[in-house]
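Single-letter residue listing:
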Amino acid sequence: MATEQSGTLPLLSEQNIVASRQLVRTLCQELKLSLVDQTKMITAASELSRNTLIHGGGGQMRWEFVERNGRRGLMLHFEDEGPGIADLALALTDGWTSGSGMGLGLPGSKRLVNEFDIASASGQGTRVSITKWK
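Residues numbered from 1 in each chain as written. Predicted model: local features only at pLDDT ≥ 70, side-chain atom pairs only at ≥ 80, totals over all residues. Heavy atoms only, no water.

J.: Outline the overall build of the protein chain, listing residues and values.
T.: A tally of regular secondary structure across the protein chain gives four helices and five strands. Secondary structure elements of the protein chain, listed N to C terminal, follow the sequence β-α-α-β-β-α-α-β-β. The C-alpha atoms of the protein chain give 14 Å as radius of gyration, which agrees with the globular expectation for 134 residues (14 Å, within 12%). Each principal axis of the C-alpha atoms in the protein chain carries an extent, and together these give about 40 × 25 × 25 Å. When the 134 residues of the protein chain are sorted by exposure, 43% land in the buried category. A separation threshold of at least 6 residues defines the contact pool for the protein chain, and within that pool the share at least 24 residues apart is 64%. Only carbon and sulfur atoms are counted for the fraction: they give 51% of the accessible area of the protein chain, which is about 7000 Å². (Helix = DSSP H or I, 4+ residues; strand = E, 2+ residues; numbered from the N terminus. Rg over C-alpha atoms; globule rule 2.2 N^0.38 Å. Buried < 20%, exposed > 50% of the residue type's maximum accessible area, 1.4 Å probe, protein only. Contact = heavy atoms within 4.5 Å. Areas by Shrake-Rupley, 256 points an atom, 1.4 Å probe, with all protein chains shown as cover.)

Spelled out as structure tokens, the structure:
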């Protein structure tokens, strides 16, 4: 593979969100994911990058190629030190939004990937990890 096995991208501006989508597209292509799976992962990454910037006040996206039981995958971690999510169950409910969006970001992203993990608490930032397997 031409790309490193892991890396970090800052999420501090709108331009960083565009860069995250471009990077995830490249990583998915290197993993040889189908076009449908590439689109799902790019869409989830875009939503989570935007959440990190808008709701978390900025942060970073870490990425890594992973392997489990002979399968290769791409894992993305979105991390911020923002205000956190007071009610995770509510935030994962379709249609609920803390802002002016459609309320599809977290639950929509969860549906687009194979694995989704979130950790957040009020005042402690948010960590979301997603994985797409080949």
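Right, picking up where we left off after that structure.
J.: Before we move on, can you summarise unusual backbone geometry with the specific residues and values?
T.: Even without being a glycine, K32 presents a positive backbone phi close to 65 degrees. With respect to the element layout, K32 can be found in the loop between α1 (14–31) and α2 (35–54). Although it is not a glycine, N69 adopts a positive phi angle of roughly 50 degrees. Looking at the secondary structure, you find N69 in the loop between β2 (59–68) and β3 (71–80). For N69, a relative accessible area of 76% puts it in the exposed group.

J.: Could you give an account of the nonpolar core, with specific residues and numbers?
T.: Formed by 26 residues in total, the largest nonpolar core has its most connected members in V24, L74, L76, F78 and I130. Those elements that place two or more of their residues in this core are β1 (6–11), α1, α2, β2, β3, β4 (115–120) and β5 (126–133). The biggest single contributor to this core is α2, with five residues. Residues in contact with F78, not counting those within four places in the same chain, are L11, A45, L48, S49, T52, Q60, M61, T126, R127, V128 and I130. (Core = buried A, V, L, I, M, F, W, Y, C linked by side-chain atoms within 4.5 Å.)

J.: Before we move on, could you go through the pairing of β5 and cite the residues and values that matter?
T.: Of all eight residues making up β5, seven are buried, and the element is well covered by its neighbours. Direction of pairing for β3 relative to β5: antiparallel, over a ladder of eight bridges. Within β5, the residue paired with L76 across the bridge is I130. Across six bridges, the pairing between β4 and β5 is antiparallel. Bridge pairing in β5 links D117 to S129. Counting the residues between successive antiparallel strands, the hairpin from β4 to β5 contains five residues, one of them, G123, with a positive phi of roughly 80 degrees. (Pairing = 2+ DSSP bridges.)

J.: Could you give me a rundown of the sheet that holds β4, with the residues and numbers involved?
T.: If you walk across this open sheet you meet the five strands as β1-β2-β3-β5-β4, and the pairing is antiparallel. Each edge of the sheet is formed by a strand with only one pairing partner; in this case those strands are β1 and β4. Strand after strand, the sheet turns through a mean of 15 degrees between neighbouring axes, direction not considered. Contacts between α1 and the sheet are confined to β1, β2, β3 and β5, with β2 contributing the most and set at about 10 degrees to the helix. Packing of helix α4 (residues 105–112) onto the sheet brings it into contact with β4 and β5, and relative to β4 it is tilted by some 150 degrees. (Axes fitted to C-alpha atoms, helices over the stretch in contact; angles between N-to-C directions.)

That is the geometry; function is a separate question.
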